[in-house]
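# Topology and contacts: notes
Each chain, letter by letter, is given below.
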Amino acid sequence: GAGVSQSPSNKVTEKGKDVELRCDPISGHTALYWYRQSLGQGLEFLIYFQGNSAPDKSGLPSDRFSAERTGGSVSTLTIQRTQQEDSAVYLCASSSQLNYGYTFGSGTRLTVV
Amino acid sequence: AQSVAQPEDQVNVAEGNPLTVKCTYSVSGNPYLFWYVQYPNRGLQFLLKYITGDNLVKGSYGFEAEFNKSQTSFHLKKPSALVSDSALYFCAVNAGNMLTFGGGTRLMVKP
């Protein structure tokens, strides 16, 4: 596609529910990244996918968080048993080569009530 | 370990005045350096990058940045600020196979 697409754009969920956030990267971009941004603050790295390699999960904050990338394209970030501290904007980015930088999606604003 | 520091949480400048948003970095090897801008309720947009070559890099919306290897800095500049430049700005540097970002600097341009 022309850009990185994320859905939904907004999600309100009750504490304890599971949520799935979707990212559709730019076609042909082999690298895909998930970041979390709380209240207009900095970016917290969550997870990184590169081609068919095992993902770098070093940024996931707890075992309630998981992500997969099917067929080297679309990625889903799943948060189980959501907590209020999970409320944030979840940003996805893709890249063809690191020296080109990232292209970001518009993010999913998650609110846990 | 690679890192990026943006020492100012907020920069205030009057419209028409020059602006500078500071960034310093620490990386082993040759750095790839980036600036991104985030407008309210939007994702991050690419402004400019330094990979190699001329130390002065020009980017979108009249912004430029100067790579200074001895000071390990990559400050973002614009000769004449616009109210519409008000946004959150992030500096980033390569860290392995990904970028690591500074904490962001909020730029407020007042009419």
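Thresholds applied
- Residues numbered from 1 in each chain as written.
- Chains lettered and ligands numbered in written order.
- Predicted model: local features only at pLDDT ≥ 70, side-chain atom pairs only at ≥ 80, totals over all residues.
- Heavy atoms only, no water.
- Helix = DSSP H or I, 4+ residues; strand = E, 2+ residues; numbered from the N terminus.
- Rg over C-alpha atoms; globule rule 2.2 N^0.38 Å.
- Buried < 20%, exposed > 50% of the residue type's maximum accessible area, 1.4 Å probe, protein only.
- Areas by Shrake-Rupley, 256 points an atom, 1.4 Å probe, with all protein chains shown as cover.
- Lys, Arg positive; Asp, Glu negative; His and termini not counted.
- Charge placed at Lys NZ, Arg CZ, Asp CG, Glu CD.
- Disulfide = S-S within 2.5 Å.
- Salt bridge = Lys/Arg side-chain N within 4 Å of Asp/Glu carboxyl O.
- Phe/Tyr/Trp six-rings, centres within 6.5 Å; stacked < 30°, edge-to-face > 60°.
- Contact = heavy atoms within 4.5 Å.
- Polar contact = N/O pair within 3.5 Å; in protein donor to acceptor, adjacent residues only side chain to side chain.
- Pairing = 2+ DSSP bridges.
- Axes fitted to C-alpha atoms, helices over the stretch in contact; angles between N-to-C directions.

### Concerning the overall build of chain A
Across its full length, chain A carries zero helices and 10 strands. For chain A, the succession of helices and strands along the chain, N to C, is β-β-β-β-β-β-β-β-β-β. Radius of gyration (C-alpha) of chain A: 13 Å, near the 13 Å computed for a compact globule of 113 residues. Viewed in the frame of its principal axes, chain A has a C-alpha envelope of about 40 × 25 × 25 Å. The burial tally for chain A puts 47% of its 113 residues in the buried class. Roughly 5,400 Å² of accessible area belongs to chain A as shown, and the carbon and sulfur atoms make up 43% of that amount. On chain A, the mean spot of the 10 positive side-chain charges and the mean spot of the 10 negative ones are 3 Å from each other.

### Some points on the state of the cysteines
Residues and elements named next belong to chain A. Counting across every chain of the model gives two disulfides over all chains. Disulfide pairing is shown between Cys23 and Cys92; the S-S distance is 1.8 Å. In this structure the cystine formed by Cys23 and Cys92 twists about its S-S bond by roughly -65°; its chirality is therefore left-handed. Placement of the pair is Cys23 in strand E3 (residues 19-24) and Cys92 in strand E8 (residues 88-95), with a sequence separation of 69 residues.

### Focus: the pattern of salt bridges
Once their charged atoms are close, side chains differing in charge can pair, the charge on each being opposite to the other. Residue and element names in this part refer to chain A. Within the structure shown, the criterion is met by four salt bridges over all chains. Among the salt bridges present, the one from Arg36 reaches Glu44, with a minimum N-O distance of 3.0 Å. For Arg36, a relative accessible area of 9% puts it in the buried group. Given the relative accessible area of 31%, Glu44 is considered partly exposed.

### Thoughts on the packing of aromatic side chains
Applying the stated rule across the entire model yields 16 aromatic pairs over all chains. Ring geometry for Tyr35 of chain A against Phe104 of chain A: centres 6.4 Å apart, planes inclined by 55°, an arrangement best described as tilted. Placement of Tyr35 of chain A in strand E4 (residues 31-37) and of Phe104 of chain A in strand E9 (residues 103-104) is noted, with a sequence separation of 69 residues between them. Side by side, Tyr35 of chain A and Phe104 of chain A carry an identical accessibility label, which is buried. With 5.6 Å between their ring centres and 45° between their planes, Phe63 of chain B and Tyr89 of chain B make a pair best called tilted. Of the two residues, Phe63 of chain B sits in the loop between strand E7 (56-58) and strand E8 (64-68) while Tyr89 of chain B sits in strand E10 (residues 87-95), which places them 26 residues apart along the sequence. For the pair formed by Phe63 of chain B and Tyr89 of chain B, the shared burial category is buried. Here a set of aromatic residues connected by ring pairs shows up, and it is made of Tyr33, Tyr35, Phe45, Tyr48, Tyr102 and Phe104 of chain A together with Phe34, Tyr36, Phe46 and Phe101 of chain B.

### Let's talk about the interface of chain B and chain A
Listed by partner, the interface residues are 20 residues for chain B and 20 residues for chain A. Across the contact surface, chain B and chain A share five residue pairs in polar contact (both at pLDDT 80 or more). Mapped onto the side of chain B that touches chain A, the elements with two or more residues apiece are strand E5 (33-38), strand E6 (44-50), E10 and strand E11 (98-101) of chain B.

### Thoughts on unusual backbone geometry
The omega torsion of the bond from Ser7 of chain A to Pro8 of chain A falls at -10°, within 30 degrees of zero and hence cis. Take Pro8 of chain A: it is sitting in the loop between strand E1 (5-7) and strand E2 (10-13). Unusually for a residue other than glycine, Thr72 of chain B sits at a positive phi of about 45°. The topology assignment puts Thr72 of chain B in the loop between E8 and strand E9 (73-78).

### Focus on the sheet that holds strand E7 (residues 75-79) of chain A
All names here are of chain A. Taken together, four strands build an open sheet; the order of strands is E1-E3-E7-E6 and the sheet is antiparallel. Two strands lie at the open edges of the sheet, namely E1 and strand E6 (65-69), each paired on one side alone. With strand direction ignored, the average angle separating the axes of adjacent strands in the sheet is 15°. Sheet topology note: the E6/E7 ladder contains five bridges and is antiparallel. From the neighbouring strand, Glu68 faces E7, where its bridge partner is Thr76.

Coordinates in, geometry out; function isn't part of it.
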